[in-house]
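Results of the structural survey
Spelled out, the chains give:
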Amino acid sequence: MGMSDFYGSKATRDDAESIATIRAALDAGITLLNTADFYGSGHNELLIAEALRGSGHKPFISVKTGILRTPSGGFGGLDVRPQALRNFAAHTLTRLGVEVIDLYQPARLDPSIPVEDIAGTIADLIKEGKVRCFGLSEASPEQLRRAHQVHPVTAVEVEYSLATRVIERELLGTARELGVGIAAYGVLSRGLLTGGLPEAFHPADFRAHAPRFAGEAYAHNQQRVRTLHEMASELGCSAAQLAIAWVLHQGSDILPLIGTTQRSRLAENLQALEIRLSAEDLRRLDEAFPDGAFEGSRYAEAQMGLVVR
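Residues numbered from 1 in each chain as written. Predicted model: local features only at pLDDT ≥ 70, side-chain atom pairs only at ≥ 80, totals over all residues. Heavy atoms only, no water.

1. A look at the nonpolar core
Cut-off, in case you're wondering: Buried residues of nine kinds, namely Ala, Val, Leu, Ile, Met, Phe, Trp, Tyr and Cys, make up a nonpolar core once their side-chain atoms join them within 4.5 Å. To sort residues, take the accessible area from a 1.4 Å probe on protein chains only and compare it with the maximum for the residue type: under 20% means buried, over 50% means exposed, and anything in between is partly exposed. Here a strand is any run of E in DSSP of at least two residues, a helix any run of H or I of at least four, and the numbering for each starts at the N terminus. Two residues qualify as a contact provided that any one of their heavy atoms is within 4.5 Å of a heavy atom in the partner residue.
One finds Y104, L136, V156, I182, L228 and L285 to be the most contacted residues of the largest nonpolar core, which totals 93 residues. At eight residues, helix 8 (residues 239–248) tops the list of elements feeding residues into this core. Leaving out residues up to four positions away in the same chain, Y104 has contacts with D37, V63, T65, L85, F88, A89, I122, L125, V131, C133, F134 and G135.

2. Regarding the packing of helix 4 (residues 115–127) against helix 5 (residues 141–150)
Counted only if it meets this: Lines are fitted to the C-alpha atoms to define the axes, a helix being fitted only along its stretch in contact, and any angle between axes, read from their N-to-C directions, falls within 0 to 180 degrees. For classification purposes, angles smaller than 35 degrees are called roughly parallel, those larger than 145 roughly antiparallel, those between 65 and 115 roughly perpendicular, and all remaining angles oblique. Less than a right angle of anticlockwise turn of the near helix away from the far helix marks a crossing as left-handed, whereas a clockwise turn marks it as right-handed.
It is the contact of helix 4 with helix 5, at a shortest axis distance of 8 Å, that shows an interaxial angle of 40°. The angle between helix 4 and helix 5 falls in the class oblique. At the point where helix 4 passes helix 5, the crossing takes the right-handed sense. Residues V115, E116, A119 and G120 of helix 4 form the contact with helix 5, whose participating residues are Q143, R146, A147 and V150.

3. Section: the environment of R95
Here is the rule: Side-chain atoms alone can form a polar contact between residues adjacent in sequence; in general such a contact is a pair of N or O atoms within 3.5 Å, and within protein one must be able to donate a hydrogen while the other accepts it.
Summarising the element assignment, R95 is placed in helix 3 (residues 82–96). The sequence separation of R95 and L47 amounts to 48 residues, and the corresponding C-alpha distance is 9.1 Å. With residues near it in sequence (within four places) discarded, R95 still touches D37, G42, E45, L46 and A49. A distance of 2.5 Å separates the side chain of R95 from the side chain of E45, its partner in a polar contact.

4. Looking at the pairing of strand 4 (residues 75–78)
As a reminder of what qualifies: We treat two strands as partners when DSSP finds at least two bridges between them.
The pairing of strand 3 (residues 67–69) with strand 4 spans three bridges and is classified as antiparallel. Residue pairing across strands places I67 opposite L78, the latter belonging to strand 4.

Printed below as a string of structure tokens:
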């Protein structure tokens, strides 16, 4: 996502480094790429297509859809009607240059569109050979159950980290009951858990409008992250590596999605795979970062109605 949108401005985008980073990830053994048709209004899918061209790699590609964009780069709402999903899928197949989308999912669910209709549409695309697996993003336990009755859901993409543990209340248990995997995004809480963020953000940066990164909440959260740095130092790793390792230790059915725009950060993040946390390490982390430990919602209030909370 960060290669095309949401963080910083277009002036800071480096397509050549992004392509090199994707290729380095694939060469290092990464087998899944996560994108959305609205990241950069299609730019991200084109970036992936270029990175794959001539590489010989055939990663599993997960695609989110349904968020509308404007020509000026703004947001135009949500459209997950069956005919819209089919239209969006056609464009994604063309931009990626593939014959099938490995995992296809609405980025958000519109309460006015029955989730059964969405599930049925993607089920039809699976029957037609255009989609391989059906996924959801930020779905509630009830929505997951209803969709799963129409067609098996492979995974739910949802925010999950030491700073955002809301899925542990109900969604994670429901997913495990149904045999549905979790694709965890925001495992570094949009950079917050690294401790290296600025005091203020560019107006085009998503974080400039998120309560978690503003005012007293941001100050409180930065103080909380210092505890993570201290624990990471004891374990001989970075705070980012410890945060990733924690998610990796939460179960084999949870896949952490790690976003970066630079090869150097990719190398650092991959080292989290080597970290082995003891039961005592995990207990200390749970005690230091319980559900609700971080202040401020993860999205502006207008968006919170469409995410797990």
